[in-house]
Amino acid sequence: MLTTTKSYIWGGISGGILLSVGAALAIYQKDVKLFIAFAILGVLVYTLVSCLILDNNFVGEMIVTVFGWGFVKFPGLIFTLDLDGILWLLTVKLLFWILGLLLACAFGLLAIALGLVMSLFVYPYAIVMGYREKEIA
């Protein structure tokens, strides 16, 4: 199956799922603004999934790069070999682990948000390039 066809199918499925969830929540809560928000998110997810499948643009690499910023190496710790030093070491290592996890999650969300916004502008170019590659091949 052609890559452009796969991008239409999987992008449509992902956008349709979000649109269905948004419609169900909007009906349940009787809130039209919620449906509009999910409709906009559905379009953004459609373009993001399509851009990732087409793989002829920079969106996937940008997401991976921004997500990679969240993985940092914390400094080594100097401690003493008494009970207080070992407890301090364990406490600070646990704190660094929690901070690292929060930082990675925050940059992951930032990467996805940037990918959603950028894919909206890159998608027309990606579709045109997908069809041009099909004509060349």
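Up top is the structure.
Everything numeric in this text was worked out from a predicted model, so none of it was measured.

Enquirer: Describe the packing of aromatic side chains, listing the residues and the values that go with them.
Expert: Across all of its chains, the model carries three aromatic pairs by this definition. An angle of 70° between the planes, with centres 5.6 Å apart, marks the rings of Tyr46 and Tyr123 as edge-to-face. With Tyr46 in helix α2 (residues 32–54) and Tyr123 in helix α4 (residues 83–136), this residue pair connects regions lying 77 residues apart in the sequence. For Tyr46, a relative accessible area of 23% translates into the label partly exposed.

Enquirer: With reference to specific residues and values, describe a nonpolar patch on the surface.
Expert: Together, Tyr8, Ile9, Trp10, Ile13, Ile17, Val21, Leu25 and Tyr131 line one region of the surface with nonpolar side chains, adding up to about 690 Å² of accessible area. The topology assignment puts Leu25 in helix α1 (residues 3–29). Relative accessible area serves as the criterion here: at 31%, Leu25 is assigned to the partly exposed category.

Enquirer: An account of the packing of α2 against helix α3 (residues 59–68) is needed here, citing residue identities and associated values.
Expert: Orientation of α2 relative to α3, taken along the N-to-C sense of each, is 100°, at an axis distance of 8 Å. Classified by the angle their axes make, α2 and α3 are roughly perpendicular. In this structure, α2 uses Leu48, Cys51 and Leu52 to contact α3, whose residues at the interface are Val59, Gly60 and Ile63. Of the residues belonging to the contact of α2 with α3, the class tally is five nonpolar, one polar and no charged.

Enquirer: Hey, could you go over the packing of α1 against α2 for me, with residue numbers and the actual values?
Expert: Two numbers describe how α1 lies on α2: the axes approach to 8 Å, and their chain directions differ by 165°. Regarding the angle of α1 to α2, the classification is roughly antiparallel. Taken as a pair, α1 and α2 cross one another with a handedness that is right-handed. Classifying every residue of the contact of α1 with α2 gives 18 nonpolar, 11 polar and one charged.

The rules behind these values
Residues numbered from 1 in each chain as written. Predicted model: local features only at pLDDT ≥ 70, side-chain atom pairs only at ≥ 80, totals over all residues. Heavy atoms only, no water. Phe/Tyr/Trp six-rings, centres within 6.5 Å; stacked < 30°, edge-to-face > 60°. Helix = DSSP H or I, 4+ residues; strand = E, 2+ residues; numbered from the N terminus. Buried < 20%, exposed > 50% of the residue type's maximum accessible area, 1.4 Å probe, protein only. Patch = residues over 30% accessible without salt bridge, like charges linked within 9 Å, V, L, I, M, F, W, Y side chains within 5 Å. Areas by Shrake-Rupley, 256 points an atom, 1.4 Å probe, with all protein chains shown as cover. Salt bridge = Lys/Arg side-chain N within 4 Å of Asp/Glu carboxyl O. Axes fitted to C-alpha atoms, helices over the stretch in contact; angles between N-to-C directions. Parallel < 35°, antiparallel > 145°, perpendicular 65-115°, else oblique. Contact = heavy atoms within 4.5 Å. Nonpolar A, V, L, I, M, F, W, Y, C, P; charged D, E, K, R; others polar. Left-handed = near helix turned anticlockwise from the far one by under 90°.

Everything listed is a geometric property; what it means functionally is a separate question.
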